Structure formats: C-alpha cells, structure tokens
Amino acid sequence: MNLTMIGVGNLMEIIWPIISRVVGGDDVADRVIGVTADEADIARKEAVFGFPLVLNDNHAALRDNHPDLIMFSPPPTVAPDLIDSVLRPYYEERRTEGGPLPVLYAFPPVPLGQTYLDALGDDVLVVNMIPNNVTSIAGRPVIDEGHYTVTYAAPWPTERVAELQNLFAGQGEYVEVESHQIVSMLGGLCVINSLWYALPIVADRLELNHNDVGEYLRARVRDLTGFAPAQSTPIRGEDLRDHADYLTAMARAWHDGIARYYAETDLAPDTARIFVHRHLDLTLHTAQVEPREVLEDLSVGAATKGGVLERAMRCAREDLLPALADDVDWNQITDLVTASAHTVKEHGLTLAG
C-alpha cells in the first residue's frame, strides 16, 4: 500500500504506532511519504516515522508517491483551501489517467464529508475520522480502551470498511456516526478532556497528588458506569478520607452532565453510552498515572488554536474551575458541564460553516 500523509503533525505521530503495523515494514520509505509545514522538526520526524518528509510540497508528495490511500490531516482552518488547491487537481489527474482513485481519510473534524465529495467527485471514497489520540499510557500501549469514530460521506464497500478497521485495530471500540453528529460528539468528548486541565488544579486546592485524585475519580466513575477495561492499570481503591465526598460528587457531576448533554443531542443512546463510559475512563486513566506535563500536553498542547478542544479548556478555566472552588453547588456543576458541552458544540458548528 502506498500512503501519502498531508499534514504530518502531532496527531499522525500519535497514531503512527497503530497504523504502522499494517503500512510499515522494511520498505516503508519506498511506499510512504509525508508533508509537513514544520521545517525545524523534519529531521526528528523522519527518524520517528522512518519515511521521507517534504516541506509544504503537497503536489510533489502526491504525484511522486501515487498513493492508494491519502491521510489528510491539516488544521481545520487550512483544510478547505487544500481541498480546492491540492486534492481537487490531484484527483482530476488520477481520474484522467484511469484506474482506482485513492481512498481519502480526512482527520479534521470539519469540513464534513459532503464538502469533499462536492469538490472531488462522488466516486471518491471519503471518511471523516476522529481517532483515539491516546495510544500509550505511562509507556504502555493502550489495549481496547477508548474508541475511534468514523462517518462516511457516502456508503462504503464492506471490504473497505474492514480495511479501515484492520488499520486502526487497537484503537478501542469502532463507532460510526452520521456526518452531522460529529460536532455534537466532540462537544461532550472535549469537556471530558477538560479534566486533563482541571483535575491537577483541583488536586492542588485539596493538597492532594493529582494521580491519586485521577485514580479516585476513575473508581467513582466506574461505580456509575460499570465499565472496566480488562488490560488496564488496576485501581487500588484507596480512600482519600476527608475529600471523598467532594471527589465522589465531582465524578458524578462530570458523568451526569455529559450524559445529559448527549441525551439532548440526536446521538443514539447506545452510541452516547460508549462515549461517556469509554472516554471518561480513558481520560481518568491518564490522570491516574501520567505526570502533569503529559496531561498539559494532552489538553493545552494538543489544542488547535481556535478549535473545539481549546474552547473546552476555556470553559473549564472560566466557568467550571471557579465554581469548583468554594461552597460548591454540585447541581450547578452538573449544569455547567452540560452547558460547556453545548458551548463547545456551538463553537464547532461555526468552524463547520
């Protein structure tokens, strides 16, 4: 399989250990090429990936590699221009020469799949993907935790879906949603992820170790969901004594607030349950074992400027953390969690146009 990555940034580096099982190998440098805008980091990235990277030359990377699969991962704000200026002419070239067109995996949450079909043609197989961005925790590979989510711009052949699932095996549960539901899904997921930012601050206020707080919250969420991945870091069940009531209430507020948010969307209840159970557990698993700098990188460092995760961090900073400080009204916290998810969703819809 020949693969061209357009936009080799943090996300592609995170998922490469997963997909390299299928597309890697001794000849990876002959079959895979990537494009990056980060000139200063090219040498390091080439050492990590094992295939060549070019600086900003998307056309050359596509024409020289003649890919069977394109992984398209620019920032959402840049994606529309690249669809028009890079993907459209390339697919026209491939259509003129004959033979199969490359499959397109689009990783920006917006624009949605129909935008690609309108630009490239209805004969292109396009999928929007939200992969699991946690592939290892404390140096150990994640096994069957979290989830990855797809939406197809048009129905895909069964064998192509199977190829995608094989490529992302180990990313947790496969979830398919409708195109218009992606942004609704992200509203809840990003507010769950805001715990990476909020939890260490709460731990400092309580004069507790953030890993202990993460473990305790994870245990209390597990009491609510019953979800316990088999091959994961165990929970010791340590009682944090004076702060047990506070942290138990905090766990319930995030769980109930997100669950209520999803109930107010058109996501199917079974699908919403996957997001609540698996995403909360995975987020708190990282908080249970990772140092602060990793949590900060997952939240602040990974947030695209102006994107949905950044908006969720702002909700945590401006709304949730002040309300968690003194004389906490837990009904208010639950309401704020739900409201924050709606705020993030509405922000995402503005990005989607």
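Refer to the preceding data block for the structure.
Rules of the game
Residues numbered from 1 in each chain as written. Predicted model: local features only at pLDDT ≥ 70, side-chain atom pairs only at ≥ 80, totals over all residues. Heavy atoms only, no water. Disulfide = S-S within 2.5 Å. Buried < 20%, exposed > 50% of the residue type's maximum accessible area, 1.4 Å probe, protein only. Phe/Tyr/Trp six-rings, centres within 6.5 Å; stacked < 30°, edge-to-face > 60°. Helix = DSSP H or I, 4+ residues; strand = E, 2+ residues; numbered from the N terminus. Lys NZ or Arg CZ within 6 Å of the ring centre and 35° of its normal. 1 Å grid on protein atoms, 1.4 Å probe; cavity = no way out; pocket = protein on both sides within 12 Å on 5 of 7 lines; lining within 4 Å. Points joined across faces, edges and corners; volume = space filled by probe spheres on them. Nonpolar A, V, L, I, M, F, W, Y, C, P; charged D, E, K, R; others polar.

So, on to the state of the cysteines. Using the criterion set out here, one finds 0 disulfides in the structure. Among the cysteines around C190, which has no disulfide bond, C315 carries the closest sulfur, lying 10 Å off. Residue classification places C190 among the buried residues on the basis of a relative accessible area of 5%.

Here a ring pair, both rings aromatic, is described through the centre-centre distance and the interplanar angle of the planes. Taken as a whole and assessed by the stated rule, the structure comprises 13 aromatic pairs. Plain terms: the ring middles of Y90 and Y91 are 6.3 Å apart, the flat faces sit at 80° to each other, and that makes the pair edge-to-face. Residue class for Y90 comes out buried when judged on its relative accessible area of 4%. Seen in terms of ring centroids, Y262 and F275 are 5.7 Å apart; in terms of plane orientation they differ by 45°. Their pairing is tilted. Taken together, the positions of Y262 in helix 11 (residues 244–263) and F275 in helix 12 (residues 269–289) put the pair 13 residues apart, joining distant regions of the chain. On the accessibility criterion, Y262 (2% relative accessible area) is buried. Here the basic side chain of R220 rests over the ring of Y216, its NZ or CZ set 4.7 Å away from the ring centre.

This paragraph deals with empty space enclosed by the protein. In total, this model carries 2 cavities of 30 Å³ or more according to the counting rule given. What the second largest cavity holds in volume is close to 40 Å³. Taken together, L195, L217, V221, M250, A251, W254, L280 and L284 make up the lining of the second largest cavity. Secondary-structure elements contributing two or more residues to the lining of the second largest cavity are helix 10 (210–225), helix 11 and helix 12. The leading source of residues in the lining of the second largest cavity is helix 11, at 3 residues. Residue composition of the lining of the second largest cavity, grouped by class: 8 nonpolar, no polar and no charged.

Taken by themselves, the reported measurements are silent on function.
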